[in-house]
Amino acid sequence: QAKESGRGTRLFYTPDMEGQPAEVLQQEHLLREAVFHDALELHYQPQVQVASGRLVGLEALVRWRHPQRGLVGPDDFIPLAESRGLITPIGRWVLREACRQLKAWHNEGLALVPVAVNLSAIEFRQRDVAGEIARVLQETGLEPQYLEVEITETTLMQHAEHTRATLQALQAMGVAVTVDDFGTGYSSLTYLKRYPLDKLKVDRSFVADTPADGDDVAIVTAIVQLARSLQLQSVAEGVQTTEQLTLLQSLGCELAQGFGIAPPMDVRRTRAWLHALPAAAS
Ligand code: C2E
Ligand code: MG
Ligand code: MG
Ligand code: MG
């Protein structure tokens, strides 16, 4: 599954490719086709409560079914999409598809957990995210408490007025906001108290070498404590081992995601996770 996401090899857009406009144009053309001809799909990664292992959320992660290369992960096409004006239609598709899918599961009688959608800084800046979310929720009939958005520190640092207005509108709607990849951006902690936020997601680079690496343990500890003091929920991403899970539990980190718990999964396998939820949760 890690392989599927194509992490580590940038197939489509690298700085070297700037000297090769034909190649970029061809990939852009293929991606444009993909967006408008239904060749994107969403996979969902479970988020669980550390203490109980219970499913409490899903993160929607976009993939591209590439005609020659198979399933391609977002790191290999989001940068291209952003530079070629395709991020807006992709982001709209992701939002709508996540809401549509959740509502469809709900209509099947499955218990639901919230789904989190990632928004890059460029998307957040270019789109009327709050208005669009309100519209999509209305059109799909999904209740707002089943949608969350994930943004990075970079997003929080830019365009203060737009960011404030958007986050306040989301809060008023009941859509939760997570700060993704926390600790890796250029951030000022001021933003954590200034904006209405719900969760801090510890970047997986800090989790990866715990518990062996004492510095990383110190950083994760500090982030979890910071979250608690600010009354935000803490989420650890990239959890791969039982030792990491045990550490997180001892630190009081509430939520976790990672290959060690479950990888991002297609619709069929995600449905099986929802099926195992107690019905009373709906
Ligand atoms: P992210 O939001 O931080 O998502 C977590 C990434 O870590 C995912 O990669 C996931 O597959 C991977 N991951 C999960 N557990 C583990 C683990 O235990 N170990 C390791 N090594 N990796 C793990 P993915 O799906 O390739 O997505 C990469 C990034 O692409 C995401 O990072 C997010 O920033 C972006 N992205 C994904 N979907 C979308 C989307 O719909 N829109 C936008 N704008 N960005 C997206
Ligand atoms: Mg994310
Ligand atoms: Mg992340
Ligand atoms: Mg990340």
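Here, the structure is the one placed above.
Quantities reported herein were computed from a predicted structural model and do not represent experimental measurements.

Novice: Kindly report on helix α1 (residues 21–36), identifying the contributing residues and their values.
Specialist: Here α1 contains 16 residues, and its C-alpha end-to-end distance of 22 Å stays within 8% of the 22 Å for a straight helix at 1.5 Å per residue. For α1, the full list of buried residues reads V24, Q27, E28, L30, L31, A34 and V35. Buried residues of α1, viewed axially, fall in a sector of 165°; they line one side. Across from the buried face of α1, at angles greater than 90 degrees, the exposed residues are P21, A22 and F36.

Novice: So what about the site of ligand 1? Which residues, and what values?
Specialist: Around ligand 1 lies a shell of 25 residues, among which R63, E123, D180, Q240 and F259 are the nearest. A distance of 2.8 Å is found between an oxygen atom of ligand 1 and a side-chain nitrogen or oxygen belonging to D180. Taking R204, its side chain carries an N or O atom lying 3.4 Å from an oxygen atom of ligand 1. The fraction of the free accessible surface of ligand 1 (800 Å²) that becomes covered by protein chains is 89%. Within the residue set of the shell around ligand 1, elements represented by two or more residues are β2 (55–66) and β6 (176–182). Across the shell around ligand 1, the residue classes tally to eight nonpolar, seven polar and ten charged.

Novice: Describe the coordination of the magnesium ion (ligand 2), naming the residues involved and giving the relevant values.
Specialist: Ideal donor angles around a metal are set by the shape: a four-donor tetrahedron calls for 109.5 degrees, a six-donor octahedron for 90 or 180 degrees. At the metal site, the magnesium ion (ligand 2) is ligated by E59 (OE), N118 (OD1), E150 (OE) and D180 (OD), and these contacts range over 2.0 to 2.2 Å. Within one chain, the residues donating to the magnesium ion (ligand 2) are spaced in sequence as E-x58-N-x31-E-x29-D. Separation of the magnesium ion (ligand 2) from the magnesium ion (ligand 3) amounts to 4.0 Å, with D180 serving as a shared donor to the pair. Remark: N118 occurs in strand β4 (residues 115–118) and E59 occurs in strand β2; sequence separation between them is 59 residues. By relative accessible area, E59 is classed as buried at 6%.

Novice: Can you tell me about empty space enclosed by the protein, naming the residues and giving the values?
Specialist: Applying the stated criterion to the full structure yields two cavities of 30 Å³ or more. Its boundaries defined by the atoms lining it, the largest cavity holds a volume of some 60 Å³. In terms of lining residues, the largest cavity is bounded by Q47, V56, G57, L58, E59, P114, A116, E148, E150, T178, K199 and Q257. Elements supplying a minimum of two residues to the lining of the largest cavity: β2 and β5 (147–152). At four residues, the largest contribution of residues to the lining of the largest cavity is made by β2. In terms of residue class, the lining of the largest cavity is made up of four nonpolar, four polar and four charged.

Novice: Outline the coordination of the magnesium ion (ligand 3), supporting the account with residue identities and numerical values.
Specialist: The protein atoms donating to the magnesium ion (ligand 3) are D180 (OD), D181 (OD), E237 (OE) and E237 (OE), with metal-donor distances spanning 2.0 to 2.7 Å. Binding-site remark: the magnesium ion (ligand 3) is held by donors from one chain whose sequence spacing is D-D-x55-E. On the accessibility criterion, D180 (8% relative accessible area) is buried.

Conventions used here
The numbering scheme is per chain: residues are counted from 1 as the chain's sequence reads. Working convention: letters from A go to chains and numbers from 1 go to ligands, in the order in which they are written. Reporting in this predicted model follows two pLDDT cut-offs: at least 70 for local features of residues, and 80 or more for side-chain atom pairs to be given and counted; totals over whole chains, interfaces and linings ignore these cut-offs and use all residues. To get the side-chain values, all heavy atoms of the structure are used, and hydrogens and water are removed first. Numbering goes from the N terminus for both helices and strands, where a helix is a DSSP run of H or I of at least four residues and a strand is a run of E of at least two. Given a helix with a known number of residues, its expected span is that number minus one, times 1.5 Å. When accessible area is computed with a 1.4 Å probe and restricted to protein chains, residues below 20% of their type maximum are described as buried, those above 50% as exposed, and intermediate ones as partly exposed. The arc in question is the one spanned by the directions pointing from the helix axis to the C-beta atoms. Whether a residue is near a molecule or strand depends on its heavy atoms: it is near if one of them lies within 4 Å of it. Pairs of N or O atoms are called polar contacts if they sit within 3.5 Å, as long as, within protein, a hydrogen donor faces a hydrogen acceptor (for residues adjacent in sequence, only side-chain-to-side-chain pairs). Residue burial considers only the protein chains on display, and all accessible areas are found by Shrake-Rupley using a 1.4 Å probe. Here the nonpolar group is Ala, Val, Leu, Ile, Met, Phe, Trp, Tyr, Cys and Pro; Asp, Glu, Lys and Arg are the charged ones; every other residue, Gly included, is treated as polar. Ligating atoms shown are N, O and S within 2.8 Å of the metal, or 3.2 Å for Na, K and Ca, and water is not included, meaning a site may look less than complete. For each structure, a 1 Å grid was placed over the protein atoms alone; sets of points admitting a 1.4 Å probe that cannot get out are labelled cavities, open sets with protein on both sides within 12 Å along at least five of seven lines are labelled pockets, and lining residues have an atom within 4 Å of a point. Grid points are joined across faces, edges and corners, and a volume is the space filled by probe spheres set on the points.

Any functional reading would require information beyond the geometric quantities listed.
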